[in-house]
Amino acid sequence: MALDVGDKNIGVAISDALLLTAQGRPTVRRKELKADLEILRRLAEENEVHEIVVGQPLHMDGKASPQSEKVGRFVEQLRKVLDLPIVFLDERLTSFEAEQHLEHMGLNWRQRREHVDKIAAMIILQNYLDSRPGRTA
């Protein structure tokens, strides 16, 4: 499972059983931490998740950003709820790539805003799946 953690939304993607493709899930509209963590716990359980990949929002020079510090604190809380490995993956430009993809599909800005977090999570997960050892292009 991959997460694109933002202040207002959490984009979610789940892999298929063969760990080949990323599939989007409905975006989690953030309310309060406890409720957000419970939704993610339930999703992980229902989808038999064995590992979570979280997008790390870094500056273009690769240094941590204020948002990456927020995401780090969120992941600390997530670790307390889920007994699963959690890894970070550089997410630079994934939201931009998601926006471009949605624009190319012909969606207007409102429609793009509704789906961008889910698409970004799918890109994060697909990048992770494609980078796994033994994976051929």
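Residues numbered from 1 in each chain as written. Predicted model: local features only at pLDDT ≥ 70, side-chain atom pairs only at ≥ 80, totals over all residues. Heavy atoms only, no water.

### Remarks on helix H1 (residues 33-46)
- The end-to-end C-alpha distance of H1 is 20 Å, a good match for the 20 Å that 14 residues give at a rise of 1.5 Å each.
- The set of residues buried in H1 consists of Asp36, Leu37, Leu40, Leu43 and Ala44. Looking straight down H1, one finds that the buried residues subtend no more than 125° of arc, so they occupy a single side. Facing away from the buried surface of H1 by more than 90 degrees, the exposed residues are Lys34, Glu45 and Glu46.
- Among the structural elements, strand E1 (2-5), strand E2 (9-15), strand E3 (22-29) and helix H2 (66-81) are those in contact with the buried residues of H1. (Helix = DSSP H or I, 4+ residues; strand = E, 2+ residues; numbered from the N terminus. Expected span 1.5 Å × (residues − 1). Buried < 20%, exposed > 50% of the residue type's maximum accessible area, 1.4 Å probe, protein only. Arc of directions from axis to C-beta. Contact = heavy atoms within 4.5 Å.)

### Regarding the nonpolar core
- Among the nonpolar cores identified, the biggest contains 20 residues, and Met1, Leu3, Val12, Leu40, Ile52 and Leu78 are the most heavily contacted of them.
- Looking at this core, the elements that each hand over two or more residues are E1, E2, H1, strand E4 (52-56) and H2.
- Residues within four places of Leu40 in sequence aside, it is in contact with Met1, Leu3, Ile10, Val12, Val28, Phe74 and Leu78.
- Of all hydrophobic cores here, the second largest spans ten residues; its members include Ala13, Ala121, Tyr128 and Leu129. (Core = buried A, V, L, I, M, F, W, Y, C linked by side-chain atoms within 4.5 Å.)

### Details of the environment of His59
- Tracing the backbone through its elements, the reader meets His59 in the loop between E4 and H2.
- For His59, a relative accessible area of 39% gives the class partly exposed.
- Measuring from C-alpha to C-alpha, the distance between His59 and Glu91 comes to 9.8 Å, with 32 residues separating the pair along the chain.

### A closer look at unusual backbone geometry
- At Leu19, a residue that is not glycine, the phi angle is positive and equals roughly 60°.
- With respect to the element layout, Leu19 can be found in the loop between E2 and E3.
- Looking at Leu19, the relative accessible area reads 34%, which means it is partly exposed.

### With respect to the environment of Asp130
- Take Asp130: it is sitting in helix H4 (residues 109-131).
- On the basis of relative accessibility, which here comes to 40%, the residue Asp130 falls in the partly exposed class.
- Counting along the chain gives 111 residues from Asp130 to Leu19, while the straight-line C-alpha distance between them is 9.2 Å.

### Structural notes on the side chain of Asp36
- Positionally, Asp36 belongs in helix H1.
- Assessed through its relative accessible area of 2%, Asp36 is described here as buried.
- Among residues more than four places away in sequence, those in contact with Asp36 are Arg29, Arg30 and Lys31.

### Structural notes on the sheet that holds strand E5 (residues 86-90)
- Strand order in this open sheet of five strands is E3-E2-E1-E4-E5, and the pairing throughout is mixed. The open sheet has two edge strands, E3 and E5, and neither has a second partner. Put simply, the sheet's adjacent strands are angled 25° from each other on average, direction ignored.
- Packing against the sheet, H2 makes contact with E1, E2, E4 and E5, and its axis sits at approximately 160° to E5. (Pairing = 2+ DSSP bridges. Axes fitted to C-alpha atoms, helices over the stretch in contact; angles between N-to-C directions.)

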